[in-house]
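# Residue-level structural notes
Listed below, chain by chain, are the residues.
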Amino acid sequence: MKTLKIEELSKNFGSTEVLRKINLEIDEGNFLVLLGPSGCGKSTLLNIIAGLETINEGNVYIDDYNVSKVEPKDRNIAMVFQSYALYPSMNVRENMIFGLKQAKVSKEKIEEQLEKVSKFLQVDALLERKPSQLSGGQRQRVAIGRALVREPRIFLFDEPLSNLDAKLRVEMRREIKKLHQQLKTTVVYVTHDQTEAMSLGTKIAIMNHGVIQQNESPENIYNKPSNTFVADFIGSPSMNLIKGNLKQSSDRILFTAEGANFDIPINSYDFDDTSQLNNKEIYFGIRPEHIYFKKSNENDFEVNLKADLSEYIGHEQIITFNLANQELLAKFSSTIKIELNKETKLYFDLTQVSMFDANSQERI
Ligand code: ADP
Ligand code: MG
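Residues numbered from 1 in each chain as written. Chains lettered and ligands numbered in written order. Predicted model: local features only at pLDDT ≥ 70, side-chain atom pairs only at ≥ 80, totals over all residues. Heavy atoms only, no water.

## Side note on the nonpolar core
One finds Met96, Ile144 and Tyr189 to be the most contacted residues of the largest nonpolar core, which totals 41 residues. Discounting residues that sit within four places of it in the chain, Ile144 has contacts with Val80, Leu121, Phe157, Met172, Ile176 and Leu179. Membership of the second largest hydrophobic core comes to 32 residues, among which are Phe284, Ala330, Phe332 and Ile338. (Core = buried A, V, L, I, M, F, W, Y, C linked by side-chain atoms within 4.5 Å. Buried < 20%, exposed > 50% of the residue type's maximum accessible area, 1.4 Å probe, protein only. Contact = heavy atoms within 4.5 Å.)

Written as structure tokens, this is what we have:
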């Protein structure tokens, strides 16, 4: 039994198609992150799960029960919004128990839940304050508390940290992670922030233009992106995508970047299908962190490239090299000295590369 299942779901606003044939499943206790650029349909999908938005095609199941036409209040779901949506005229106590009162839960049970959750979230000293008398982080806690007291089957979060400053965002991210570790609740969490997605999700569903591009563990998303969109979206700086061609003979496969005078042997790469690779136009993908200054593995590929640009970012530096007039970014520790406009010996870690068909943009 899946805690949440979304089947062939499509949604349009008038003539604008916002979600296209979405299929998703979440097991009990998992933390699913919906990650994608602004406007890709994340909030719409979350609102559909909550029952706040109608469906054009497809179905939503909770515990195998089709809830597509069930009222939001009867779905046993709680949502935490980006804006927190606290009632400004109510104090913290009233905000937190509002939903329980609406649901006609007994006074004793309400008090019990309020005490437990407010202690847990460390807002028990703030119960008499109005939202305007709270810091951003405290408001966020109260918004989470209001969801927690209801002990819902599924928690929905819509960009809950995006209104906080950078430092607080990282702190609250850790708190949400701890909360999930302790309570083991099922969560669907929307964000456009890849670091948030990576650190929180047990699974990440990457969306673009209303279509799920890949839905896998953070490790698989990072190591084996299924297309160039995912490869480019995850990682900072993004994966280098070098255009070129494959040459296949009976005993080996080579990659030649457009205009380059060297071949990269890629015999260890795990191609989905090794037929018809000869002359295939592809993108050779390598992350900046997988280009080394010192040889680290037996099969690292050595190449001499000229450094054009250096960006110092504290603990690291990002160097832009020229690979036959294509930009290649590498990330090194700041302690390494790289001279600009001079050839530098670099090592490509060929165990960490990805290849994509240049036409379909899909992983090969
Ligand atoms: P995200 O949360 O990923 O930023 P949304 O789900 O909010 O994206 O929006 C997806 C697309 O649907 C956007 O192009 C947005 O303008 C459009 N949209 C969202 N809600 C409505 C609405 N109520 N009416 C018309 N268009 C909408
Ligand atoms: Mg949104």
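## Describing the side chain of Thr44
Note on placement: Thr44 falls in helix 1 (residues 42–50). Residue classification places Thr44 among the buried residues on the basis of a relative accessible area of 13%. Beyond its immediate stretch of four places on either side in the chain, Thr44 contacts Lys11, Phe13, Val18, Leu19 and Glu53. (Helix = DSSP H or I, 4+ residues; strand = E, 2+ residues; numbered from the N terminus.)

## Quick look at the domain arrangement of the protein chain
What the domain assignment reports for the protein chain is domain 1 (2–233) and domain 2 (240–357). On a C-alpha basis, the centroid separation for the pair domain 1 and domain 2 is 39 Å. Domain 1 puts nine residues into the contact, and the matching count from domain 2 is nine residues. For the domain 1 and domain 2 pair, buried surface summed over both sides reaches about 650 Å², with 51% attributable to carbon and sulfur atoms. Its largest share of buried area at the contact with domain 2, domain 1 owes to Tyr222, Thr228 and Ala231, together 64% of the area lost on that side. Where domain 1 packs against domain 2, one counts zero salt bridges. Joining domain 1 to domain 2, the criterion identifies two residue pairs in polar contact (both at pLDDT 80 or more). Listing elements by their share of the side of domain 1 that touches domain 2, those giving two or more residues are helix 7 (218–223) and helix 8 (228–233). In terms of residues, the side of domain 1 that touches domain 2 owes the most to one element, helix 7, which gives three residues. In terms of residue class, the side of domain 1 that touches domain 2 is built from four nonpolar, four polar and one charged. (Domains from an automatic or database assignment. Buried area = accessible area lost by both parts, 1.4 Å probe. Salt bridge = Lys/Arg side-chain N within 4 Å of Asp/Glu carboxyl O. Polar contact = N/O pair within 3.5 Å; in protein donor to acceptor, adjacent residues only side chain to side chain. Nonpolar A, V, L, I, M, F, W, Y, C, P; charged D, E, K, R; others polar.)

## Details of the site of ligand 1
Around ligand 1 lies a shell formed by Phe13, Val18, Pro37, Ser38, Gly39, Cys40, Gly41, Lys42, Ser43 and Thr44. In the environment of ligand 1, an oxygen atom lies 2.7 Å from a nitrogen or oxygen atom belonging to the backbone of Gly39. A distance of 2.9 Å separates an oxygen atom of ligand 1 from a polar atom in the side chain of Lys42. Protein chains shield 55% of the accessible area of ligand 1, which is 560 Å² for the free molecule. (Near = heavy atom within 4 Å. Areas by Shrake-Rupley, 256 points an atom, 1.4 Å probe, with all protein chains shown as cover.)

## Brief notes about the sheet that holds strand 4 (residues 57–62)
Taken in spatial order, the four strands line up as 2-1-4-5 in an open sheet, and their pairing is antiparallel. On the outer flanks of this sheet lie strand 2 (16–26) and strand 5 (65–66), each paired with one strand and no other. Inspection of the sheet shows strand 4 paired to strand 5 by two bridges, in the antiparallel sense. Each residue of the ladder has a partner; that of Ile62, found in strand 5, is Tyr65. Seen against the sheet, helix 1 touches strand 1 (4–13), strand 2 and strand 4 and runs at an angle of roughly 120° to strand 1. (Pairing = 2+ DSSP bridges. Axes fitted to C-alpha atoms, helices over the stretch in contact; angles between N-to-C directions.)

## Side note on the side chain of Arg173
Summarising the element assignment, Arg173 is placed in helix 5 (residues 166–183). This buried residue, Arg173, is left without a salt bridge; Asp193 holds the nearest opposite charge, at 5.6 Å. Side chain to side chain, Arg173 and Ser199 meet in a polar contact 3.1 Å long. Not counting chain neighbours up to four residues away, the residues in contact with Arg173 comprise Leu161, Thr195, Glu196, Ser199 and Leu200. (Lys, Arg positive; Asp, Glu negative; His and termini not counted.)

## A few points about the packing of helix 2 (residues 92–102) against helix 3 (residues 107–120)
Contact pair helix 2 / helix 3: the axes reach a minimum separation of 10 Å and the direction vectors enclose 135°. Judged by the inter-axis angle, helix 2 sits oblique to helix 3. When the axes of helix 2 and helix 3 are compared, the crossing they make is right-handed. The residues of helix 3 that touch helix 2, namely those facing Arg93, Met96, Ile97, Leu100 and Lys101, are Ile110, Glu111, Gln113, Leu114, Val117 and Ser118. The residue inventory of the contact of helix 2 with helix 3, partitioned by class, reads six nonpolar, two polar and three charged. (Parallel < 35°, antiparallel > 145°, perpendicular 65-115°, else oblique. Left-handed = near helix turned anticlockwise from the far one by under 90°.)

## Details of the pattern of salt bridges
Summed over the entire model, instances satisfying the criterion amount to 21 salt bridges. When the shortest N-O distance is used, the salt bridge between Glu17 and Arg20 registers 3.3 Å. On the basis of relative accessibility, which here comes to 43%, the residue Arg20 falls in the partly exposed class. Salt-bridge contacts for Glu171 lead to Lys167; the nearest nitrogen and oxygen are separated by 3.4 Å.

## Observations concerning the environment of Asn23
With respect to the helices and strands, the residue Asn23 is situated in strand 2. Classification of Asn23 as partly exposed rests on a relative accessible area of 39%. Taking C-alpha positions, Asn23 is 40 Å from Asn91, a pair spaced 68 residues apart along the chain. The contact partners of Asn23, leaving out residues within four places of it in the chain, are Ile6, Glu7, Glu8 and Ile212.

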